[in-house]
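The residues making up each chain are set out below.
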Amino acid sequence: TEMPTMFWVKAQGMSPFLSFITGQYVFQGEVVKVGMPKPTSITRDLLASEAKTVLATVDKKDMIIFPAVGTTKAAITVFTDADCGYCRKLHSQIKDINALGIEVRYLPWPRSEETFPIMEKIWCSKDRNGALTTAKNGGSIDAPQCDSPVAKLHDLGMDLGINGTPAIFTPDGHQIGGYLAPIELAQALKIQ
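Okay, so let's go over this structure. Since we're looking at a predicted model, the values are computed, not measured.

1. Quick word on the state of the cysteines
Now for step 1: Applying the stated criterion across every chain yields a total of 1 disulfide.
Now for step 2: Shown here is the disulfide that connects Cys124 with Cys146, its sulfur atoms set 2.0 Å apart. Its S-S torsion of about -85° marks the bond between Cys124 and Cys146 as left-handed, since a negative value means left-handed. Of this pair, Cys124 sits in helix α4 (residues 116–124) while Cys146 sits in the loop between α5 (128–136) and α6 (150–159); the two residues are 22 residues apart in sequence, bridging distant segments of the chain.
Now for step 3: Its relative accessible area of 11% is what places Cys124 among the buried residues.
Now for step 4: Assessed through its relative accessible area of 39%, Cys146 is described here as partly exposed.

2. What to know about the layout of surface pockets
Now for step 1: The calculated volume of the largest pocket comes to roughly 400 Å³.
Now for step 2: Around the largest pocket, the lining is made up of 21 residues, and of these Thr43, Arg44, Leu47, Leu160 and Gln175 lie nearest the centre.
Now for step 3: When contributions to the lining of the largest pocket are tallied by element, the ones reaching two or more residues are β2 (17–20) and α1 (42–56).
Now for step 4: Element by element, the count of residues in the lining of the largest pocket is highest for α1, at 5 residues.
Now for step 5: Across the lining of the largest pocket, the residue classes break down as 10 nonpolar, 9 polar and 2 charged.

Cut-offs used in this document
Within each chain, residues carry numbers counting from 1 in the order of the written sequence. Confidence filtering applies because this is a predicted model: local features only for residues at pLDDT of at least 70, side-chain atom pairs given and counted only at 80 or more, and all residues used for totals across whole chains, interfaces and linings. With hydrogens and water excluded, all non-hydrogen atoms of the structure serve as input to the side-chain values. Cysteine sulfur atoms that pair up within 2.5 Å are treated as a disulfide. Helix and strand assignments follow DSSP, with helices taken as H or I runs no shorter than four residues and strands as E runs no shorter than two, numbered in order from the N terminus. Summary of the burial criterion: residues with accessible area below 20% of their type's maximum are buried, those above 50% are exposed, and those between are partly exposed, where the area comes from a 1.4 Å probe applied to protein chains only. Using a grid of 1 Å spacing that covers the protein atoms alone, one calls a set of points a cavity when a 1.4 Å probe fits there but cannot get out, and a pocket when the set is open and has protein on both sides within 12 Å along at least five of seven lines; lining residues are those with an atom within 4 Å of a point. Grid points are joined across faces, edges and corners, and a volume is the space filled by probe spheres set on the points. For this scheme, ten residues count as nonpolar: Ala, Val, Leu, Ile, Met, Phe, Trp, Tyr, Cys and Pro. Four count as charged, namely Asp, Glu, Lys and Arg, and the remainder, Gly too, count as polar.

Here you go:
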């Protein structure tokens, strides 16, 4: 890193972290650089760079995409779960989000073992968009088994440090938190 003797460490199944050169001390959490006109989060920028790189490797065929209406001003990646209340609230406003020029790219992140089968059925459905909407509205999904990416993408989310849903990532890899109302989302993306 730009910090002398500090290294950015990635370990499978864990959020990346900072370590002293000897490995004896590790740091989890935000590290901020001061002494500039504005404090800068070194950790946030490192996490965003990592997320941008990792999310760029996800094949679009493994996503459920709700395209922007008209010109696409931004595309967000959202790790979601069918049973998450705030995921449902976000999805209930998908038309408003898309109307603002925001493309939503969903990735599965089941929050419990109980929702893994539901997410598998969604990703195995012929009409994934419809299945996701049905599940988020409390409906049941019937789909044949398939070689779905759910487990692989769940692990990817774990590597990015996701611990709840919805986990929304901007095009530059910054995680902007959980649920945001459509206009707040547009403001966070600096398109409003």
